[in-house]
Amino acid sequence: MKMSDSFFELNPEEESLDLASKSHFRVLGILKSSGSSSSDLIITPDIVKKLVDNHIKVLVQRGVGENRNIKDMAYADVGAELYDDPLIIVSSSSILFKSSQFNSFELLLLKKEQTIVSYENFNDFILPDIQSLFEKKINALSYNLAIGKNGKSIVKSLEDSTLNAATKQALFSDFITPFLTSLIFNPFRYAVQTNLAILQSVYFYQGILTNKELAERFQLPWKDILLLCWNWN
């Protein structure tokens with residue numbers, strides 16, 4: 001599968017990131033999904049292997065692949081470190097990924113100025129969760145907000161397609177791998193400026209609410225991510 005497929009025309013080419021030449025080292029934590037709002041498309045061992053091969057340390061919560069009958073050892077075999085306790089993963093990671101919404105307990109565990117990437121349903125948000133993101137100046141992204149050529153969510157389009165499960169997962173890998181690597185190897189602002197999928201997915205930037213829909217639901221102030229990440233003067 002190529003990034004030029006219709007699902008992914010908004011993304012930069014993965015090879016342009018030149019990841020292996022980067023000297024710094026980042027840690028990605030992957031938490032297992034929970035709750036009703038979750039995606040059938042997950043971080044598989046194949047995706048973890050690509051990340052590890054690019055010198056990214058990956059911490060995986062045990063049970064992350066259980067909904068797809070993927071054993072924990074499959075993640076360990078490609079270089080991931082396995083943990084039961086989400087606190088260990090949260091405290092050790094610069095970026096956190098979850099294929100469902102972060103729950104209130106996990107948000108309380110977050111460190112100041114961390115980046116979280118998840119599959120969100122804004123209807124499930126409660127005000128204390130928003131306050132946690134604000135107080136800790138979190139960068140938060142809902143990757144299912146990224147829009148494809150058809151004007152619909154890339155992830156939702158994949159989930160609803162008639163493609164078989166393996167093909168869906170392969171296309172999701174083509175989408176999410178450069179998404180995560182761009183976040184991991186670049187300053188957050190630069191990642192937003194250079195990857196349209198990331199730009200579309202941000203709903204909190206350094207603790208500032210940037211999603212109009214979420215802001216209006218709770219009658220909160222918000223700022224456009226374009227104004228925050230570009231200097232128009």
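Residues numbered from 1 in each chain as written. Predicted model: local features only at pLDDT ≥ 70, side-chain atom pairs only at ≥ 80, totals over all residues. Heavy atoms only, no water.

Novice: For this particular structure, what's the right way to read unusual backbone geometry?
Specialist: With phi around 55 degrees, Lys137 is a residue other than glycine that occupies positive phi space. Tracing the chain through its elements places Lys137 in the loop between helix H5 (127–135) and strand S6 (139–142). Of note, the phi angle at Gln206 is positive, near 50 degrees, even though the residue is not glycine. Note on placement: Gln206 falls in the loop between strand S7 (202–205) and strand S8 (208–209). (Helix = DSSP H or I, 4+ residues; strand = E, 2+ residues; numbered from the N terminus.)

Novice: Could you clarify how one ought to interpret the confidence of the model for the protein chain in this entry?
Specialist: For any part of a model where pLDDT is low, the fine detail of the predicted coordinates should not be relied upon. Averaged over every residue, the pLDDT of the protein chain is 89; the share at 70 or more is 88%. Confidence drops under pLDDT 50 across residues 1–6; counting only partners more than four residues distant or on other chains, this segment forms 17 contacts. (pLDDT = per-residue confidence, 0-100. Contact = heavy atoms within 4.5 Å.)

Novice: For this particular structure, what's the right way to read the pattern of salt bridges?
Specialist: As a working rule, side chains carrying opposite charge can pair if their charged atoms are close by. In total, this model carries six salt bridges according to the counting rule given. Linking Arg62 and Asp84 is a salt bridge whose minimum nitrogen-to-oxygen distance equals 3.4 Å. Note that Arg62 is positioned in the loop between strand S2 (57–61) and helix H2 (72–76) and Asp84 in the loop between strand S3 (81–83) and helix H3 (86–92), a separation of 22 residues in sequence. Put simply, Lys156 and Asp160 hold a salt bridge, and the shortest N to O gap is 2.6 Å. Of the two residues, Lys156 and Asp160 are both situated in helix H6 (residues 154–160); the distance of four residues between them amounts to about one turn of the helix. (Salt bridge = Lys/Arg side-chain N within 4 Å of Asp/Glu carboxyl O.)

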